[in-house]
Amino acid sequence: MPHYNHVHLEAFGHAIPDHVVTSADIERELAPVYDRFGLHEGRLELMTGIQERRFWDPGTPPSHAAVIAGKRALENANLTGPDIDCLIYAAVSRDFLEPATASVVHHHLALPHKSMMFDISNACLGFINAMQIMANMIELRQIKSGLVVASESGRQLVRTTIDRLLQSKTLTRQEFKTAFASLTIGSGAIALVMTHDSVSKTNHRLLGGVMRTATESNHLCRGSEDTGFAAESEMFMSTDSETLLQHGCALAKETWSDFARTMEWSADDVDRVFCHQVGIAHRDALYDAVGFDTRKDFSTFDRFGNVGSVSLPLTMALGLDNDPPTCPTKIAMLGIGSGLSCAMLGVHWQP
């Protein structure tokens, strides 16, 4: 990935569901399964640090929340739809297989006909990949302003997982273990306006970054077949969480080594870190692998769970809102997604 000289992060916008589901709520539903295996209530929060997650109302398509987040990002950037040259929708959750969910968002945001639009998907790393693609187009002066959006809907996956666990007459402890990660999934939406410095109204620069893959680990987290978003569809996922954590942290350590060399940064040079939100064990293991002090972290997994591609950018948006930098700040964005792939981006945030 190249260094960028002309790419700015203009403004975030986000949307968060009102409906809260606690880990205790889920465990009460799973009481027969817990009793079968002699598990104690509180295990889900204890192992993940996730107290609650949020869901959209039933039947809400992902595009609906993406539009809300997109409008807020445009408002925060003091831009309107006609200012946007490209829209990328970058979530796992989509309205349907065809056409691109981006087409729905593009229409409802009233983007111009000359503005290109498309979907990309790469598990939890989709939004970061979209930022890279958008940055490349901006740096090459192909576009001046772009909008990246993502909206994840976790209700169906969690609901299907609970139902399958309760209905299975032959459920084993290992099968329950591979379904456990699915209970951590939440919902949310995020959008980011990116611009060329010639039209930017901020000094928040995307400096560059690196990416590495370890696709020999693609089997460690597998979801159901691709059905798009449909109320009647059943979504499920099987995850070898322990092995995925081990391999993911090894990949992150290699990626950080490349990142530090490319950016000429050390861990001490970084002022703030925002990472993909899986849970407390993942956060602590990741920071240990790359040598970061957890005091530089801002976490959201306790409130929102794992919101897939939305997790990292939403965490960064909320972290900057919660504690706005008052001086020039170096930010490291640490992204990772099943498959496996890892991307790290460096940002210079200028108040």
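Our structure's up above, just so we're on the same page.
Since the model is a prediction, treat every value here as computed from it, not as a measurement. (Residues numbered from 1 in each chain as written. Predicted model: local features only at pLDDT ≥ 70, side-chain atom pairs only at ≥ 80, totals over all residues. Heavy atoms only, no water.)

Looking at the packing of aromatic side chains
Within this structure, the stated rule accounts for seven aromatic pairs. Ring plane angle 80° and centroid distance 6.1 Å describe the contact between Y34 and F176, whose orientation is recorded as edge-to-face. Within this pair, whereas Y34 is found in helix α2 (residues 31-37), its partner F176 is found in helix α8 (residues 173-179), the two being separated by 142 residues in sequence. Across the pair, exposure class does not vary: Y34 and F176 are buried alike. Ring centres of F37 and F176 lie 6.2 Å apart, and the angle between their planes is 25°; on these two criteria the pair is classed as stacked. A residue pair is termed long-range when its members are at least 10 positions apart, and F37 in helix α2 and F176 in helix α8 qualify at 139 residues. For the residue pair F37 and F176, the accessibility class agrees, reading buried in each case. Connected via pairs of aromatic rings, a cluster forms that spans W256, F259, W265, Y287 and F292. (Phe/Tyr/Trp six-rings, centres within 6.5 Å; stacked < 30°, edge-to-face > 60°. Helix = DSSP H or I, 4+ residues; strand = E, 2+ residues; numbered from the N terminus. Buried < 20%, exposed > 50% of the residue type's maximum accessible area, 1.4 Å probe, protein only.)

Regarding helix α6 (residues 126-139)
For an α-helix, the turn length of 3.6 residues means that residues three or four places apart are oriented alike. For α6, spanning 14 residues, the distance from its first C-alpha to its last is 20 Å, which sits close to the expected 20 Å at 1.5 Å a residue. Taken residue by residue, α6 has G126, F127, I128, N129, A130, M131, Q132, M134, A135, M137, I138 and E139 as its buried positions. Looking one or two places after α6, you find R141, whose phi comes out positive at around 65°. (Expected span 1.5 Å × (residues − 1).)

Quick look at the pairing of strand β4 (residues 86-89)
Residues C86 and I88 of β4 are buried on one face, and the alternating residues L87 and Y89, pointing to the opposite face, are buried as well. In terms of strand pairing, β4 meets strand β5 (residues 116-119) through four bridges, oriented parallel. Counted as the bridge partner of I88 is F118 from β5. Each parallel crossover has a hand, and the one from β4 via helix α5 (residues 101-108) to β5 is right-handed. (Pairing = 2+ DSSP bridges. Right-handed = clockwise from strand over helix to strand, strands pointing away.)

Description of helix α7 (residues 155-167)
Between the first and last C-alpha of α7 there are 18 Å, a value that for 13 residues agrees with the 18 Å anticipated at 1.5 Å per step. The complete set of buried residues in α7 reads Q156, L157, V158, T160, T161, I162 and L165. In the core, the buried residues of α7 are packed alongside α1 (23-29), α2, β3 (52-55), α8 and β10 (237-239). (Contact = heavy atoms within 4.5 Å.)

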